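So the chains spell out like this:
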Amino acid sequence: MDWLTPQVVTSVIVNLVVVHIILVMVAYLVQAERKFSAYIQDRIGPNRTGFDFGLPALKFLKGCLGFGQPLADGIKFMLKEDFTPSRVDKVLFSLAPVIVVSPALIGFVVIPWGGSWDGVLPWFSGDLSLTGGTAVRITGADVNIGIVYILAVAALGVYGVTLGGWASNNKYSFLGGLRASAQMISYEIPLGLALLAALLAYGTVLPESIIRLQISEGWGVVAQPLAALIFFIAIMAEGNRAPFDNAEAEQELVGGYHTEYSSMRFALYFLAEYAHIVTSSAFLVLLFFGGYHVPFIPGLKDLTSPDAVSVWAVLAKFGVYFGKVLLSVTLMIVIRWTIPRLRYDQVMSMAWQFVIPVALVLVVGVSLVIYAGQATTWNLLMVNGLVMAMTLIAAPLIPKSTMNRKLPLYGSRFSPMPDERVRTQSSESLALEDRPVEGSAPVAR
Amino acid sequence: MIESFTLASDLSGYLPISLIVLMAIAFGIGNVVISQMLGPRRAGAVKGQSYESGMNAVGTARKRFNVRFYLIAMVFLVFDIEIIFLYPWATTFPNLAPQSDESLLWLLRILFFLFTTVVAYVYGFRKGVFKFD
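Novice: How should the overall build of chain A be read in this particular structure?
Specialist: For chain A, the count of helices and strands is 15 helices and 2 strands. For chain A, the accessible surface area stands at approximately 20100 Å², while carbon and sulfur atoms represent 68% of it.

Next up, the structure:
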């Protein structure tokens, strides 16, 4: 029983707790997404499903602001027909959702949710015998590869998406799967490069040490805002989130790679998407937003410092960490419902012609600063600002592709014929907003 | 106090990971199996068709597709392997003495390594690999 150390026992317990928190969080994120989209689109959203299950005895649980909706959805997903179309590759078709959901559910384990704990419960006076006097880390796995693990696991999700699209034997699914896999592997590179810029500044891959460095030197987002921005863009594109959700662009591809899926297998794709968002948000918080630490607020500052090891500190850190994750996820939801989807060629060009070169230059700049031994917050911020300024100056100088321009449709009110009279005034004030340019048709290029 | 415990250099740290991996796979398979058992099953000739917006399906999806996706995959391999090699460097390089000869050597080596990738990138750019229109 040499391997059954207190750390292993703690890690297993933390994993069990966190995986359930994430599953419940995913269910309510779907609810939150529906509510947010409803309010953004001036609707109400799900508001009447309670926990009464139609029973008269539970009538007092009716309503509940619609909070029963995720449970109802879950039961419905279970009980609906899990249909397999006749022409699909049956084994891969069933296997693909499992391959998608497994990596999404195991990525979080190296996140240091609660710092360290000295193994003392104030309300329990007996011998806990969990720890032999030393502190244990409240994390899913205390391994020395640290955050490289998350990167390795997050990359596995692309297999399931590709397989699901291919196995469906449906053109929509196939194109969706192809698009998704190309997009995911493209944005993995800026993700890795932004992470590299952060790692160069920290000089370690251990989550605990990264948080400690951020507490003493200032949050990563202060020192490297450009790296944080690239990282945020990359995790949204990795998770196939809007505005990068071309894999399931409804107008073009129906449902993308999960067009043919129904019931629980569809739900697994959905669950994986949201679990992926939660995990990568936790990753973002760890690298750039100080992990579980809260600066400036007097009481909370000491309670969430890595040196506080009481059980209350652990709970406070858990709360702070999940609070930060929720803020990041909320930002992603709001972005999804307010920014229109990019075109697929725009997404891919952005990855290869813009984000990757910028990230490469950023890595070189940061490593030069580190070679000079001047890796202070100010210098890193200056490097980030310099790269950003260089990008903004150089971007207009690069020749743009002449293809895929907006073609003028002659005779329409936006491109009138030379001698055509166009009505530029409307009786409706709203219609004036997209009033065409007065005059003749533009010269064809 | 925190520094007193050592880093798990043995494999026992991976035990919780293997447990959660098993759990995640069991979760996926279990959910699929349960919903297969609970849900109804009604087959039909038309129902079994693949969905093409309500039209009769034309051919299969096992077709040739745009070669650009292969190009992306190949360029991805170049870059991804490069990044993987950069991680060990990125954890060691900042801990070297700044402006020392050893540090300079490490920096120049990795800059040359990055330069080879930039050459590949420029070649791909000139060949139009990164044009998506």
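Continuing now.
Novice: Hey, could you run me through the overall build of chain B in this one?
Specialist: Regarding its fold elements, chain B presents 3 helices and 0 strands. Counted from the first residue to the last, chain B has its helices and strands arranged as α-α-α. At 26 Å, chain B has a C-alpha radius of gyration far larger than the 14 Å of a compact globule built from 133 residues. Oriented by its inertia axes, the alpha-carbon framework of chain B measures out at about 75 × 55 × 20 Å. Among the 133 residues that make up chain B, the fraction classed as buried is 32%.

Novice: What am I meant to see in the interface of chain B and chain A here?
Specialist: A common way to state how big an interface is: give the accessible area lost once the parts meet. Listed per partner, the contact involves 78 residues of chain B and 93 residues of chain A. For the pair chain B and chain A, the summed buried area comes to about 7500 Å², and 71% of that belongs to carbon and sulfur atoms. With a closest N to O distance of 2.5 Å, Lys171(A) and Glu52(B) form a salt bridge. The interface formed by chain B and chain A holds 8 residue pairs in polar contact (both at pLDDT 80 or more) in total. Secondary-structure elements contributing two or more residues to the side of chain B that touches chain A are helix H1 (15-38), helix H2 (68-92) and helix H3 (101-126) of chain B. Sort the elements by how many residues they give to the side of chain B that touches chain A and H1(B) lands first, with 18 residues. Looking at side-chain class alone, the side of chain B that touches chain A contains 48 nonpolar, 19 polar and 11 charged residues.

Novice: I tried to follow the pattern of salt bridges on my own but got confused; where do I start?
Specialist: Between side chains of opposite charge, a pair can form when the charged atoms approach closely. All names here are of chain A. One pass over the full model with this rule turns up 8 salt bridges over all chains. For Asp82, the salt bridge is made with Arg265, and the minimal N-O distance between the two is 3.0 Å. Of this pair, Asp82 sits in the loop between helix H2 (69-79) and helix H3 (90-106) while Arg265 sits in helix H11 (residues 263-288), and the two are 183 residues apart along the sequence. Each of the salt bridges in this network shares a partner with another, and the network as a whole consists of Glu33, Arg241, Glu273 and Arg336.

Novice: Which parts of the structure should I look at to understand the nonpolar core?
Specialist: Generally speaking, a soluble globular protein has its nonpolar side chains buried in company with each other. Core analysis: the biggest nonpolar cluster contains 141 residues, and Trp113(A), Phe231(A), Leu287(A) and Trp352(A) have the highest contact counts within it. Of all the elements, helix H6 (residues 171-202) of chain A adds the most residues to this core, at 18 residues. Here this core spans two domains, since at least three of its residues come from each of domain 1 (7-38) and domain 2 (67-127) of chain B. Apart from residues lying up to four places away in sequence, Phe231(A) is in contact with Leu191(A), Ala194(A), Leu195(A), Ser280(A), Phe283(A), Leu284(A), Leu287(A) and Phe288(A).

Novice: Honestly, unusual backbone geometry in this entry has me stumped. Any pointers?
Specialist: Excluding glycine, residues mostly carry a negative phi; peptide bonds, for their part, are mostly trans. All names here are of chain A. We note that Asp42 has phi near 60 degrees; this positive angle belongs to a residue other than glycine. As for its position among the elements, Asp42 is in the loop between helix H1 (6-40) and H2. Phi at Asn240 is positive, roughly 55 degrees, even though this residue is not glycine. With respect to the helices and strands, Asn240 occurs in the loop between helix H9 (225-238) and helix H10 (250-253).

Novice: Help me understand the packing of aromatic side chains in this model?
Specialist: The relative placement of two aromatic rings is captured by the distance of their centres and the angle of their planes. Taken as a whole and judged by the stated rule, the model has 24 aromatic pairs over all chains. On the basis of an interplanar angle of 50 degrees and a centroid distance of 5.7 Å, the ring pair of Tyr187(A) and Phe244(A) is categorised as tilted. Taken as a pair, Tyr187(A) in helix H6 and Phe244(A) in the loop between H9 and H10 lie far apart in primary sequence, 57 residues in all. With relative accessibility at 0%, the residue Tyr187(A) sits in the buried group. Judged by relative accessible area, Phe244(A) falls into the buried class, the value being 4%. With 5.9 Å between their ring centres and 45 degrees between their planes, Tyr121(B) and Phe125(B) make a pair best called tilted.

Novice: Could you clarify how one ought to interpret the domain arrangement of chain B in this entry?
Specialist: Segmenting chain B into domains produces domain 1 (7-38) and domain 2 (67-127). Here the C-alpha centroids of domain 1 of chain B and domain 2 of chain B sit 35 Å apart.

Novice: Explain the confidence of the model for chain B to me, please; I cannot follow it from the model alone.
Specialist: Residues and elements named next belong to chain B. A residue-level look at chain B finds 92% of positions with pLDDT of 70 or above and a mean pLDDT of 81. Here H2 stands out as the least confident element of chain B, with mean pLDDT 86; H3 is the most confident, with 88. Under a pLDDT of 50 for its full length, residues 1-8 has, in the predicted model, 16 contacts with residues more than four places off or in other chains. Among the scores for the predicted complex, ipTM is 0.85 and pTM is 0.85.

Novice: Whenever I open this one, the environment of Val26(A) confuses me. Can you help?
Specialist: All names here are of chain A. Structurally, Val26 can be placed in helix H1. Along the sequence, Val26 and Ala272 sit 246 residues apart, while their C-alpha atoms lie 8.9 Å from each other. With residues near it in sequence (within four places) discarded, Val26 still touches Leu271, Tyr274 and Ala275.

Novice: What is the right way to read the environment of His20(A) from this model?
Specialist: Residue and element names in this part refer to chain A. Along the chain, His20 turns up in helix H1. The sequence separation of His20 and Val109 amounts to 89 residues, and the corresponding C-alpha distance is 13 Å. Polar side-chain contacts of His20 include one of 2.6 Å to the backbone oxygen of Leu16.

Novice: In this structure, what is going on with the environment of Pro306(A)? I would like to understand it.
Specialist: Residues and elements named next belong to chain A. Examined against the element boundaries, Pro306 turns out to sit in the loop between helix H12 (298-303) and helix H13 (311-338). The buried category is assigned to Pro306, whose relative accessible area is 6%. In the structure, Pro306 is positioned 142 residues away from Gly164 in sequence and 43 Å away in space, judged by C-alpha atoms.

Novice: Help me understand a nonpolar patch on the surface in this model?
Specialist: Taken together, Phe53(A), Leu55(A), Leu71(A), Ile75(A), Leu79(A), Ile25(B), Ile29(B), Val33(B), Ile34(B), Met37(B) and Leu38(B) make up a surface patch of nonpolar side chains, about 1000 Å² in accessible area. Only H2 of chain A together with H1 of chain B provide two or more residues apiece to the nonpolar patch. Among the elements that take part in the nonpolar patch, H1(B) stands out by supplying 6 residues, more than any other. With respect to the helices, strands and loops of the structure, Ile29(B) is situated in helix H1. On the basis of relative accessible area, Ile29(B) is assigned to the partly exposed category, the value being 42%.

Procedures and definitions
Residues numbered from 1 in each chain as written. Chains lettered and ligands numbered in written order. Predicted model: local features only at pLDDT ≥ 70, side-chain atom pairs only at ≥ 80, totals over all residues. Heavy atoms only, no water. Helix = DSSP H or I, 4+ residues; strand = E, 2+ residues; numbered from the N terminus. Areas by Shrake-Rupley, 256 points an atom, 1.4 Å probe, with all protein chains shown as cover. Rg over C-alpha atoms; globule rule 2.2 N^0.38 Å. Buried < 20%, exposed > 50% of the residue type's maximum accessible area, 1.4 Å probe, protein only. Contact = heavy atoms within 4.5 Å. Buried area = accessible area lost by both parts, 1.4 Å probe. Salt bridge = Lys/Arg side-chain N within 4 Å of Asp/Glu carboxyl O. Polar contact = N/O pair within 3.5 Å; in protein donor to acceptor, adjacent residues only side chain to side chain. Nonpolar A, V, L, I, M, F, W, Y, C, P; charged D, E, K, R; others polar. Core = buried A, V, L, I, M, F, W, Y, C linked by side-chain atoms within 4.5 Å. Domains from an automatic or database assignment. Phe/Tyr/Trp six-rings, centres within 6.5 Å; stacked < 30°, edge-to-face > 60°. pLDDT = per-residue confidence, 0-100. Patch = residues over 30% accessible without salt bridge, like charges linked within 9 Å, V, L, I, M, F, W, Y side chains within 5 Å.

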